Amino acid sequence: MRTVPELLAHGVGGRQDLPIPFAYAVTGAALALVISFVVLGAFWREPRLGDAEAGRPVPARVARLLDSAGWQWALRCLGLVFAGYFAIGLFFGPDVDRNPTAGLFYVLFWVGLVPASLLFGPVWRALNPLRTAYLLGAALIRRDPRRGLRALPARLGYWPAAFGLLAFVWLELVAPERATVPVIRTWLVAYALLMLVGAAVFGVGFFDRGDAFEVYSDLVGRLAVVGRRDDGVLVWRNPLEGMSGLAPAPGLTAVVVVLLGSTLFDSLSNAPAWFRFVQNTQLPAVFTNTVGMLVLIGLVLAAYGLTCLLAAKLAPGVRPVDVAAEIAHCIVPIAVGYVLAHYYSLLVLEGQRTIALLSDPLATGDANWLGTADWSVSAALVTPTGVAMLQVTLIVLGHLLGTVLSHDRALVLFPGRSAVTAQVPLLVLMVGYTVAGLLLLFAG
Amino acid sequence: MMPSVGRRRALAVLTGVVLLAVAGTGCGSTDEPVDASAPVEVAITITEGRAEPQPGRVDAKKGQSVRITVTSDVPDRVHVHGYDVGAELPAGQPATVEFVADMDGLFEVETHESSVLLFQLLVR
């Protein structure tokens, strides 16, 4: 009969966003439609993206510094320092909610990777401690890190990253006790071993498309205003050029679909109808939620596949598989917009809490290693109206970028007059994804 | 080939229109805390891992008191996420959690051992 403060909360982020008002969802959906029609009808008739020379090279001195081995190793050392600090709580800290491990992993790292990559490009490629560990190991046994035991098969593509991403989102959204230290530790040790084995077998190039977090950071980082052109030159560029330069490869669609589908599931699982269903089925919740997540990813994929079939039907001589491979990059901004909308307040609130906890990674209660232990969480940046507005804006902006990319690619992909008709299914798909996202923010 | 200045301007205008339109939808809504003196009362019974009444959403005004009474058939603990308050639940006996909902947002109320979601508290 008493109210006591809890010492052990489970789960990261006790607070979730309020549902967005219905008027916001409708406005967002209407804007998405308008944008789609405007982009379809009023803009360019010749492809404008995909120029190998696009962008303005960064000053030579800056480029020399950023390309230097010294700079690259400095970043790798920074990554090792981060990983080392993270390992203190992960391996030696007690499993209590004052341990910063869960907040570090799910909030500062996973969610924070999106804004960091949007600003600076594929940052995780530069920092990834697993890549560095492999490079150091190869140097130790005097082996060329680029050469593994066998050549990396081209058809492997992004598939390892797609499965890695699926394993991560399952951990993040479905796994029982997912915010506890032992669960995170087990998952991460297994993941690190798999990545290192992959690199040992296929060489350091395995990380490029095999490491889920590097791939995620690279996809998002293509929307940064600074990037590396195919010829290796560092340039300031239109973010759309970066995104458009994402080369089709096996498994790329899977990565994008898993990303979008799993984030939509996170919203869905928050809706009363869903958790009532989970409780009423009497099956273990982990089973129902796993199936639910896979079904939602499957629906996102089915819509994608159907769209490609329709578009190919409308364009003579174009195969559905080519459409599927060529439009994957258009979905990335939509997914990124939704991910940012979905996680913004979590990043702001739990991010602050995690930074405070960081000063005491062993959760002793009196350590203040970084001087942040006394930070209190400010909710100044998280007002309900502000968040709802930001969410709709981000989703609509993602939709805008996606439709512009798809229009431009359609002009390359579909011959002659079919360029206009064949891109209608693509636009319908994107409106569908966007509206689904808005509805889930309203219902979830 | 880069977009011409005209095209860029058109895109910029389009982006501006989008932002303005989205911003416009925000006008007129308020999120002032409303003083409601009566507390929000919720009573839940848990039998064999199922909550009765069925889990749903409970609305509360920011600043309003919330009183949650839970009766569980097995010993457990009830926990309000975000507010991080809770109470021990002895088997078969009602236990009460009471607190002031002074943060806005959506908060799950759950049992600790069996992880049964009781309801979501919507504070605005």
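Residues numbered from 1 in each chain as written. Chains lettered and ligands numbered in written order. Predicted model: local features only at pLDDT ≥ 70, side-chain atom pairs only at ≥ 80, totals over all residues.

Colleague: Quick question: what am I supposed to make of the overall build of chain B here?
Modeller: The helix and strand inventory of chain B stands at 1 helix and 9 strands. Counting from the amino terminus, chain B carries its helices and strands in the arrangement α-β-β-β-β-β-β-β-β-β. Expressed as a percentage of its 124 residues, the buried residues of chain B come to 31%. By sequence separation, contacts in chain B at least 24 residues apart represent 59% of the contacts at least 6 residues apart. (Helix = DSSP H or I, 4+ residues; strand = E, 2+ residues; numbered from the N terminus. Buried ≥ 20, exposed ≤ 12 C-beta atoms within 10 Å, placed from the backbone. Contact = placed C-beta atoms within 7 Å.)

Colleague: Explain the packing of helix H8 (residues 159-173) of chain A against helix H13 (residues 252-268) of chain A to me, please; I cannot follow it from the model alone.
Modeller: The description of two packed helices rests on the angle between their axes and on the distance between the axes. All names here are of chain A. Following both chains from N to C, one finds H8 and H13 inclined at 10°, their axes separated by 9 Å at the closest point. If you check the angle between H8 and H13, you find them roughly parallel. Residue-level contacts link Trp159, Ala161, Ala162, Leu165, Leu166, Val169 and Leu173 of H8 to Ala254, Val255, Val258, Leu259, Ser262, Phe265 and Asp266 of H13. (Axes fitted to C-alpha atoms, helices over the stretch in contact; angles between N-to-C directions. Parallel < 35°, antiparallel > 145°, perpendicular 65-115°, else oblique.)

Colleague: Honestly, the confidence of the model for chain B in this entry has me stumped. Any pointers?
Modeller: Atom-level detail of predicted coordinates should not be read off regions where pLDDT is low. Residue and element names in this part refer to chain B. Predicted confidence across chain B gives a mean pLDDT of 80, with 71% of residues reaching 70 or more. Scored below 50 in pLDDT, residues 1-5 shows 5 contacts in the model against residues more than four places distant or in partner chains. Across residues 24-33 the pLDDT falls below 50, and counting only partners more than four positions away or on other chains, this stretch makes 15 contacts in the model. Predicted complex, confidence summary: ipTM 0.85, pTM 0.90. (pLDDT = per-residue confidence, 0-100.)

Colleague: Quick question: what am I supposed to make of the sheet that holds strand S7 (residues 95-100) of chain B here?
Modeller: All names here are of chain B. Here we have 4 strands laid out as an open sheet, ordered S2-S1-S4-S7, and mixed in their pairing. Either end of the sheet is taken by a strand with one partner, and the two such strands are strand S2 (50-52) and S7. Across this sheet, the average inter-strand angle for adjacent strands is 25°, counted without regard to direction. (Pairing = 2+ DSSP bridges.)

Colleague: Quick question: what am I supposed to make of the packing of helix H16 (residues 320-357) of chain A against helix H17 (residues 384-413) of chain A here?
Modeller: Residue and element names in this part refer to chain A. In contact at an axis separation of 8 Å, H16 and H17 are set at 170° when each is read in the N-to-C sense. One element, H16, and the other, H17, form an angle in the roughly antiparallel class. Here the residues of the contact of H16 with H17 sort into 19 nonpolar, 8 polar and 2 charged. (Nonpolar A, V, L, I, M, F, W, Y, C, P; charged D, E, K, R; others polar.)

Colleague: Explanation requested: the sheet that holds strand S3 (residues 56-57) of chain A in the structure shown.
Modeller: Whenever strands of a sheet pair, they do so through backbone hydrogen bonds, lying parallel or antiparallel. All names here are of chain A. Read from one edge to the other, the open sheet built from 3 strands follows the order S3-S5-S4, with strand pairing classed as antiparallel. Two strands in the sheet have a free side with no partner beyond their single neighbour: S3 and strand S4 (226-228). The sheet contact formed by S3 and strand S5 (residues 234-236) spans 2 bridges and is antiparallel. Bridge pairing links Pro57 to Val235 in S5.

Colleague: What is the right way to look at the nonpolar core in this model?
Modeller: Soluble globular proteins tend to bury their nonpolar side chains together. Leu165, Val255, Val256, Val258, Leu260 and Ala335 of chain A are the most contacted members of the largest nonpolar core, which totals 110 residues. Here this core takes 17 residues from H16 of chain A, the largest share from any one element. Among all residues touching Val255 of chain A, those that are not within four sequence positions of it are Tyr158, Ala161, Ala162, Leu165 and Val215 of chain A. Among the nonpolar cores identified, the runner-up in size contains 22 residues, and Ile46, Tyr83, Phe107 and Phe119 of chain B belong to it. (Core = buried A, V, L, I, M, F, W, Y, C linked by C-beta atoms within 7 Å.)

Colleague: I keep staring at the environment of Glu46 of chain A and nothing clicks. Help me out?
Modeller: Residues and elements named next belong to chain A. By the element assignment, Glu46 lies in the loop between helix H1 (22-42) and S3. Using a count of 8 C-beta atoms within 10 Å as the deciding quantity, one classes Glu46 as exposed. With 366 residues separating them in the primary sequence, Glu46 and Val412 have C-alpha atoms 8.1 Å apart.

Colleague: What am I meant to see in the environment of Val174 of chain A here?
Modeller: Residues and elements named next belong to chain A. Topologically, Val174 is positioned in the loop between H8 and helix H9 (181-202). Take Val174: there are 22 C-beta atoms within 10 Å of it, and that puts it in the buried class. Residues Val174 and Gly227, spaced 53 residues apart in sequence, show a C-alpha to C-alpha distance of 35 Å.

Colleague: Can you help me understand unusual backbone geometry in this one?
Modeller: Of all residues except glycine, most have a negative phi; of all peptide bonds, most are trans. With an omega of -5°, the peptide bond between Glu52 of chain B and Pro53 of chain B qualifies as cis. With respect to the helices and strands, Pro53 of chain B occurs in the loop between S2 and strand S3 (57-60). Non-glycine residue Arg142 of chain A carries a positive phi angle of around 55°. Its location among the elements puts Arg142 of chain A in the loop between helix H7 (129-140) and H8. Owing to 6 C-beta atoms within 10 Å, Arg142 of chain A belongs among the exposed residues under this scheme. Not every positive phi belongs to a glycine, and Ser115 of chain B is a case in point at roughly 50°. By the element assignment, Ser115 of chain B lies in the loop between strand S8 (105-111) and strand S9 (117-123). Taking the C-beta count within 10 Å as the criterion, Ser115 of chain B has 15 such neighbours and is therefore assigned partly exposed.

Colleague: How should the confidence of the model for chain A be read in this particular structure?
Modeller: Across chain A, the average pLDDT comes to 93, with 97% of residues at 70 or higher. Across residues 1-10 of chain A, confidence stays below pLDDT 50; counting only partners more than four residues off in sequence or on other chains, it has 27 contacts.

Colleague: Any chance you could explain helix H3 (residues 69-92) of chain A here in plain terms?
Modeller: Because each turn of an α-helix spans 3.6 residues, side chains separated by three or four positions in sequence point in the same direction. All names here are of chain A. For H3, built from 24 residues, the straight-helix expectation of 34 Å at 1.5 Å per residue is met to within 8% by its first-to-last C-alpha distance of 33 Å. Phe86 marks the point of greatest bend in H3, at about 25°. Residues of H3 that are buried: Gly79, Phe86, Gly89 and Leu90. Those residues of H3 that are buried are in contact with helix H4 (101-111), helix H6 (123-127), H7 and H9. (Expected span 1.5 Å × (residues − 1). Bend = angle between axes of the 7 residues up to and from the residue.)

Colleague: In this structure, what is going on with the pairing of strand S5 (residues 76-80) of chain B? I would like to understand it.
Modeller: Residues and elements named next belong to chain B. Within S5, 4 of the 5 residues are buried, which leaves it mostly tucked inside the rest of the structure. Across 5 bridges, the pairing between S5 and strand S6 (residues 85-89) is antiparallel. What sits directly across from Arg77, in S6, is Glu88. Hairpin remark: S5 followed by S6, antiparallel, with 4 residues in the connecting loop; positive phi at Gly82, about 85°. The pairing of S5 with S8 spans 3 bridges and is classified as antiparallel.

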